[in-house]
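Chain and residue survey
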Amino acid sequence: MSIDTATGLEAPAELSSERVRDIFSSIARKYERFNAISSFGAYKLWLAGMMRQAPILESHDVLDIAGGTGDVTFAVARTKHPRHIQCTDLVPEMLDVARMHVDKGDGAGVPIDFEVVDAQDIPYADASYDVITMAYGIRNMPDRPRALAEMFRVLRPGGALVCLEFSTPPNGAWRALYHFYLRHLIPFWGGLITGDKDGFVYLAKSIKAFPNQEGLAALMREAGFTDVTWKNYTGGIAAVHVAIKPE
């Protein structure tokens, strides 16, 4: 079933997919600055935590889903030095920014390729990758079960899906403060930095409507993954899930 990712209610997939393309194509060149300012730098800690949890070896082929401007791809390249990284995203303009980083040497010598890909219809063969990474991506996909099933399909047996996503602070007071931040400050910072306040109203709504940590873990298990674990960061604002495809 496809949903409206802003509300969690059933809706045609095109509604959310087109909205995501429109938003991120217009803010691509300012997206990294927004991340840094709006998270007060915390996104770097979350990314570092993701790398600590990612079971990536130098012999591995890595698929980065919703790779955007390349934050995860380049973190993997710097810290893990895998054999190859395939960085994909739904929005060509985001990948254009990522390619600029390669030109500046951010790939750390790791072979990296880029391709526009809808994660709900991954154009790669079964059992093609050892690890899939994904940050802030599954939340924007209207058919999440289908996307997770596709990721499961292209992973090799024993492979891992490592997912960094905004989540739900378990503490009630912290959760209320976080929801205030989503409702008021995310659109403010987004509008100030990119000029697209409405786009960030959507992003804030999509975060609030997204399943909590156990909810995302349940979706992963339904797709066939086992040994699903997660670690909270910054009081549960973000969480890194690691899910394994059985041998």
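Residues numbered from 1 in each chain as written. Predicted model: local features only at pLDDT ≥ 70, side-chain atom pairs only at ≥ 80, totals over all residues. Heavy atoms only, no water.

1. Things to note about the overall build of the protein chain
What counts, and what does not: The secondary structure listing takes helices from DSSP runs of H or I that are at least 4 residues long and strands from runs of E that are at least 2 residues long, numbered from the N terminus. Only protein chains enter the accessibility calculation, which uses a 1.4 Å probe; a residue whose area is less than 20% of its type maximum is buried, one above 50% is exposed, and one in between is partly exposed. Any two residues whose heavy atoms approach within 4.5 Å at even a single point are treated as in contact. Note on areas: Shrake-Rupley with a 1.4 Å probe; residue coverage comes only from the protein chains shown. Positive: Lys, Arg. Negative: Asp, Glu. His and the chain ends are not part of the count. By convention, the charge on Lys lies at NZ, on Arg at CZ, on Asp at CG and on Glu at CD.
Broken down by element type, the protein chain carries 9 helices and 7 strands. For the protein chain, the proportion of its 247 residues judged to be buried stands at 55%. Counting only contacts in the protein chain whose residues sit at least 6 apart along the sequence, the fraction spanning at least 24 positions is 72%. Counting only carbon and sulfur atoms, one obtains 55% of the accessible surface of the protein chain, whose full area is about 10,700 Å². The protein chain carries 25 positive and 30 negative side-chain charges, and their two centres are separated by 8 Å.

2. What about unusual backbone geometry?
Despite not being glycine, Ala66 shows a phi value in the positive range, around 55°. Mapped onto the elements of the fold, Ala66 is located in the loop between strand 1 (61-65) and helix 4 (71-80). Look at Asp227: it is not a glycine, yet its phi comes out positive at around 50°. Along the chain, Asp227 turns up in strand 6 (residues 226-233).

3. Some remarks on a nonpolar patch on the surface
Note the following rule: Like charges are joined within 9 Å and nonpolar side chains (Val, Leu, Ile, Met, Phe, Trp, Tyr) within 5 Å, but only among residues with over 30% relative accessible area and no salt bridge; these make up the patches. For this document, the term salt bridge refers to a Lys or Arg side-chain nitrogen within 4 Å of an Asp or Glu carboxyl oxygen.
Where nonpolar side chains cluster on the molecular surface, the patch consists of Phe180, Leu185, Phe188 and Leu192 and spans about 390 Å² of accessible area. Exposure remark for Phe188: the relative accessible area of 44% places this residue in the partly exposed category.

4. A short note on helix 9 (residues 213-222)
Spacing of three or four residues puts side chains on the same side of an α-helix, whose turn is 3.6 residues. For clarity, the threshold we go by: In this context, the arc is that of the directions from the helix axis out to the C-beta atoms. Here a polar contact means two N or O atoms within 3.5 Å. Within protein one must be a hydrogen donor candidate and the other an acceptor candidate, and residues neighboring in sequence count only if both atoms are side-chain atoms.
For helix 9, the full list of buried residues reads Gln213, Leu216, Ala217, Leu219 and Met220. Buried residues of helix 9, seen end-on, are gathered within an arc of 155° and therefore sit on one face of the element. If you follow the buried residues of helix 9, they end up packed against helix 6 (144-154), strand 5 (155-166), strand 6 and strand 7 (238-244). Between a side-chain oxygen at the N-terminus of helix 9 and the backbone nitrogen of Glu214 the separation is 3.3 Å; the capping residue is Asn212. Backbone geometry just after helix 9 places Gly224 at a positive phi near 115°.

5. Observations regarding the pattern of salt bridges
The full count for this structure, using the stated rule, is 9 salt bridges. Its salt-bridge partner being Asp96, residue Arg99 comes within 3.0 Å of it at the nearest N-O pair. On the criterion of helical spacing, the pair formed by Arg99 and Asp96 is a turn pair, its members being 3 residues apart in helix 5 (residues 92-103). Among the ionic pairs, Glu150 bridges to Arg153, the shortest N-O distance being 2.9 Å. One end of the pair, Glu150, and the other, Arg153, are both in helix 6, 3 residues apart, so they sit about a helical turn from each other. Take Glu150: its relative accessible area is 13%, and that puts it in the buried class.

6. A short note on the packing of helix 3 (residues 42-53) against helix 4
For clarity, the threshold we go by: Every axis corresponds to a line fitted to the C-alpha atoms, with the helix fit spanning only the stretch in contact, and the corresponding angles, defined between N-to-C directions, vary from 0 to 180 degrees. Between 65 and 115 degrees an angle is taken as roughly perpendicular, under 35 as roughly parallel, over 145 as roughly antiparallel, and anywhere else as oblique. The sense of a crossing depends on the near helix, which, turned anticlockwise from the far helix by less than a right angle, makes the crossing left-handed and, turned clockwise, makes it right-handed.
At their nearest, the axes of helix 3 and helix 4 sit 10 Å apart, and the two run at 50° to each other. On the basis of their axis angle, the class for helix 3 and helix 4 is oblique. Note that helix 3 runs across helix 4; the crossing there is right-handed. Here Tyr43, Leu47, Met50 and Met51 of helix 3 come into contact with helix 4, specifically with Asp71, Val72, Ala75, Val76, Thr79 and Lys80.

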